[in-house]
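# Structural description and commentary
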Amino acid sequence: MSNKFLKVSKDFFGMGLNPLEMLILSQIVEFNTNTGICFISDETLANQFGVSTKTVSRAIASLEDKGFITRETKNIKGGRERHLYA
């Protein structure tokens, strides 16, 4: 990100999300707005928000369970890439 701020939609409040889920969802929405696909890693999110990768993984699973995001894994050039959609 070029700036040091992440816009969190006021619509995310009161939807049963914890603060980390709101931040991660906001980051996914931001990346989707720019490219249509968010493929940010758990490690990058963990470093950005000062939590463990396990905590990020649980938050992403929770967002998926609650219906806020979908995940898709693609085989890209001999590797795998996770795409997140909000």
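Scope of this entry: the structure provided in the associated data block.

Rules behind the numbers
- Residues numbered from 1 in each chain as written.
- Predicted model: local features only at pLDDT ≥ 70, side-chain atom pairs only at ≥ 80, totals over all residues.
- Heavy atoms only, no water.
- Helix = DSSP H or I, 4+ residues; strand = E, 2+ residues; numbered from the N terminus.
- Contact = heavy atoms within 4.5 Å.
- Axes fitted to C-alpha atoms, helices over the stretch in contact; angles between N-to-C directions.
- Parallel < 35°, antiparallel > 145°, perpendicular 65-115°, else oblique.
- Core = buried A, V, L, I, M, F, W, Y, C linked by side-chain atoms within 4.5 Å.
- Buried < 20%, exposed > 50% of the residue type's maximum accessible area, 1.4 Å probe, protein only.
- Arc of directions from axis to C-beta.
- Salt bridge = Lys/Arg side-chain N within 4 Å of Asp/Glu carboxyl O.

## Remarks on unusual backbone geometry
Even without being a glycine, Lys 77 presents a positive backbone phi close to 45°. Within the element layout of this structure, Lys 77 appears in the loop between β1 (70-76) and β2 (79-85).

## Quick word on the environment of Leu 63
Along the polypeptide, Leu 63 turns up in helix α3 (residues 53-65). Those residues in contact with Leu 63 that lie beyond four places of it in its chain are Leu 17, Glu 21, Ile 24, Leu 25, Phe 68 and Ile 69.

## Quick word on the side chain of Glu 21
Position of Glu 21 relative to the elements: it lies in helix α1 (residues 19-35). Contacts of Glu 21, omitting those with residues within four sequence positions, involve Gly 16, Ala 59, Ser 62, Leu 63 and Lys 66.

## Comments concerning the packing of helix α2 (residues 42-49) against α3
Where α2 contacts α3, the axes come no closer than 8 Å and their chain directions differ by 110°. With respect to α3, the axis of α2 lies roughly perpendicular. For the pair α2 and α3, contact is made by Asp 42, Glu 43, Leu 45 and Ala 46 and by Thr 53, Val 56, Ser 57 and Ile 60, respectively.

## Some words on the nonpolar core
In this structure, Leu 17, Ile 24, Leu 25, Leu 45, Ile 60, Leu 63 and Ile 69 are the most contacted members of the largest nonpolar core, which totals 19 residues. Elements supplying a minimum of two residues to this core: α1, α2 and α3. Broken down by element, the residue count for this core peaks at five residues, all from α1. Residues contacting Ile 69, with those up to four places away along its chain left out, are Leu 25, Ile 28, Ile 60, Leu 63, Glu 64, Leu 84, Tyr 85 and Ala 86.

## Details of α2
All of the buried residues in α2 are Asp 42, Leu 45, Ala 46 and Phe 49. Considered in projection along α2, the buried side chains sweep an arc of 100° and stay on one side of the axis. Counted as exposed and oriented over 90 degrees from the buried face of α2: Glu 43 and Asn 47. Against the buried residues of α2 lie α1, α3 and β2. Phi turns positive, to about 70°, at Gly 50, one or two residues after α2.

## A short note on the pattern of salt bridges
Going through the model one piece at a time under the given rule, you end up with four salt bridges. Close ionic contact of Lys 66 with Glu 21 constitutes a salt bridge, the shortest N to O distance being 3.0 Å. Taken together, the residues Lys 66 in the loop between α3 and β1 and Glu 21 in helix α1 connect sequence positions 45 residues apart. Between Glu 64 and Arg 71 there is a salt bridge, with the nearest N and O atoms lying 2.7 Å from each other. In this structure Glu 64 comes out as partly exposed when scored by relative accessible area, which is 29%. Given the relative accessible area of 35%, Arg 71 is considered partly exposed.

Read these as spatial facts, not as claims about activity.
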